[in-house]
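# Analysis of the macromolecular model
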Amino acid sequence: MDIIDLRSDTVSWPTPEMREAMANAVVGDDVYGEDPTVNELQAAAAAMLGKEAALFVTSGTMGNLTAVMTHCQRGDEIILGREAHIFLYEAGGSAALAGVQASTIPVEADGTLNLESIRKAIRPGGNPHFPHTRLVCLENTQGSRAGMPISAEYTAQVGELAHEHGLKLHIDGARIFNAATALGVDVKALVAPADSISFCLSKGLCAPAGSLLVGSREFIDRAVYTRKILGGGMRQVGVLAAAGLVALRKMTKRLGEDHANACRLAEGLATIPHIEIDPTAVHTNMILFSINDDTPIAPDELVQRLREDHNIVIGGYSNGRDKIRFVTHYWITPERVDTVLEAMRELLA
Ligand SMILES: *Cc1c(COP(=O)(O)O)cnc(C)c1O
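Here is a short report on the structure shown in this document. (Residues numbered from 1 in each chain as written. Predicted model: local features only at pLDDT ≥ 70, side-chain atom pairs only at ≥ 80, totals over all residues. Heavy atoms only, no water.)

A few words now on the packing of helix H2 (residues 36-49) against helix H11 (residues 238-249). Axis separation between H2 and H11 bottoms out at 8 Å; the angle between their running directions is 30°. What the angle tells us is that H2 and H11 run roughly parallel. In terms of crossing hand, the pair formed by H2 and H11 is left-handed. On the side of H2, the interface is formed by Thr 37, Val 38, Glu 40, Leu 41, Ala 44, Ala 45 and Met 48, while H11 contributes Gly 238, Ala 241, Ala 242, Gly 244, Leu 245, Leu 248 and Arg 249. (Axes fitted to C-alpha atoms, helices over the stretch in contact; angles between N-to-C directions. Helix = DSSP H or I, 4+ residues; strand = E, 2+ residues; numbered from the N terminus. Parallel < 35°, antiparallel > 145°, perpendicular 65-115°, else oblique. Left-handed = near helix turned anticlockwise from the far one by under 90°. Contact = heavy atoms within 4.5 Å.)

What follows is about the site of the ligand. In the neighbourhood of the ligand, the contacting residues comprise Ser 59, Gly 60, Thr 61, Asn 64, His 85, Glu 90, Glu 139, Asp 172, Ala 174, Arg 175, Cys 200 and Lys 203. Within the side chain of His 85, a nitrogen or oxygen atom sits 3.5 Å from a nitrogen atom of the ligand. Asp 172 places a polar side-chain atom, nitrogen or oxygen, 2.6 Å from a nitrogen atom of the ligand. Computed on the free molecule, the ligand has an accessible area of 380 Å², of which 84% lies beneath the protein chains in the complex. Broken down by element, the residue count for the shell around the ligand peaks at three residues, all from helix H3 (residues 60-71). Along the lines of polarity and charge, the residues of the shell around the ligand split into two nonpolar, five polar and five charged. (Near = heavy atom within 4 Å. Polar contact = N/O pair within 3.5 Å; in protein donor to acceptor, adjacent residues only side chain to side chain. Areas by Shrake-Rupley, 256 points an atom, 1.4 Å probe, with all protein chains shown as cover. Nonpolar A, V, L, I, M, F, W, Y, C, P; charged D, E, K, R; others polar.)

Once that is clear, we can look at the sheet that holds strand E9 (residues 275-276). Ordered by their spatial adjacency, three strands build an open sheet running E9-E10-E12, and the pairing between neighbours is antiparallel. The outermost strands of the open sheet, each flanked by one partner alone, are E9 and strand E12 (324-327). Where E9 and strand E10 (residues 286-291) come together, two bridges link them in antiparallel fashion. If you follow Ile 275 over to E10, its bridge partner there is Ile 291. Sheet strands in contact with helix H12 (residues 255-270) are E9, E10 and E12, and its direction is about 15° off that of E10. (Pairing = 2+ DSSP bridges.)

Once that is clear, we can look at the environment of Lys 188. Structurally, the position occupied by Lys 188 is in helix H9 (residues 187-191). Residue class for Lys 188 comes out partly exposed when judged on its relative accessible area of 36%. As for Lys 188 and Leu 49, which are separated by 139 residues in sequence, their C-alpha atoms are 4.7 Å apart. In contact with Lys 188, other than residues within four places in its own chain, are Ala 47, Met 48, Leu 49 and Gly 50. (Buried < 20%, exposed > 50% of the residue type's maximum accessible area, 1.4 Å probe, protein only.)

Here we take up the side chain of Thr 328. Structurally, Thr 328 is set in the loop between E12 and helix H14 (334-348). If near-sequence neighbours (up to four positions away) are discounted, Thr 328 is found in contact with Asp 9, Asp 258, Asn 261, Ala 262, Leu 265 and Asn 285.

Here H11 spans 16 Å end to end across twelve residues, near enough to the 16 Å set by a 1.5 Å rise per residue. With nine of twelve residues buried, H11 is to be regarded as a mostly interior element. Listing the buried residues of H11 in full gives Gly 238, Ala 241, Ala 242, Ala 243, Gly 244, Leu 245, Val 246, Ala 247 and Leu 248. Structurally, H11 contributes buried residues whose contacts are with helix H1 (16-23), H2, strand E2 (53-57), helix H8 (176-183) and strand E7 (196-200). (Expected span 1.5 Å × (residues − 1).)

Taken together, seven strands build an open sheet; the order of strands is E2-E8-E7-E6-E5-E3-E4 and the sheet is mixed. In this open sheet, the two strands that pair with only one neighbour each are E2 and strand E4 (101-105). The sheet shows a mean angle of 20° between the axes of neighbouring strands, taken without regard to direction. Bridge count between strand E6 (residues 168-172) and E7: three bridges; the pairing is parallel. What sits directly across from His 170, in E7, is Ser 196. Each of E2, strand E3 (77-81), strand E5 (133-139), E6, E7 and strand E8 (211-215) touches H3; the most contacted strand, E7, lies at about 170° to it. Here helix H10 (residues 217-229) sits on the sheet and contacts E2, E7 and E8; the angle it forms with E2, its principal contact strand, is near 20°.

By themselves, these figures tell us nothing about what the structure is for.
Here is the structure:
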């Protein structure tokens, strides 16, 4: 347990309170709608986000795919960022399983999609050359922009634009509670313009697995069928939902600590030779930085030394990224931040 893992917040272990809640969970067959703990989680999530209903799904990927499949027909087009998680990191599921094609537009430095670019990407109706544009997807926080939170005002503008053209708005809110915390707003305000939202219990909120898809009663009733098609109808899954309830009720309230630790980490890294980082670019729990060329230790070796000599796990320049990413979470305490800084300073001196 003394491993310090900064690769992602997905690596966060469940808390002792979650393990106890899981052991004691009251369960039933959720495909019959009879798991009281799942029902409680879904009702709590819908209430917290200010929507009518919610659906427990296996992962953020399933939440997004279920949303896309429920909103769209095969052959439809969705508009989303070129660096959207749905486009880059979900194994092409929207194409492979939903049969929709992606119309991608650039993600701006602040994590938004330019409104005019969205408008231009919407296909005119009544011309059989064109697919039907059905859906706009936003991501909040925006992963490719170091977890940049997207404001309620901007989201409302996108919602208005989408609805004006008869489109739906889906928010991939894997880290929507990080966004709400960073912006100091109620999460309801961030998702009010959206027709559907998915968010992860399994990232900074520490649950071992699970995501929620949230929307109108009518939408969620249809999404239940889609989830079943995707093999996501689980049985006594209240065991997981019990951890999800702790995630939702407790862990959403403490994300500010992770953001403060990310700032502490970024400010410390900025004082270490050979590290190039802008600490003012840290808004939530993610840090991006690079190591300059005249470093005394190659990046790959740095990754190896940290793991072997210091029990610190980092991703390095992995997954084709041109920056190193550190992500803080519940298990990255201020003391552990200092341990990381000491090790980095030693290796880069
Ligand atoms: C992690 C993530 C997902 C997918 O979640 P999984 O539970 O890993 O499938 C979707 N969108 C964003 C922005 C994410 O960061």
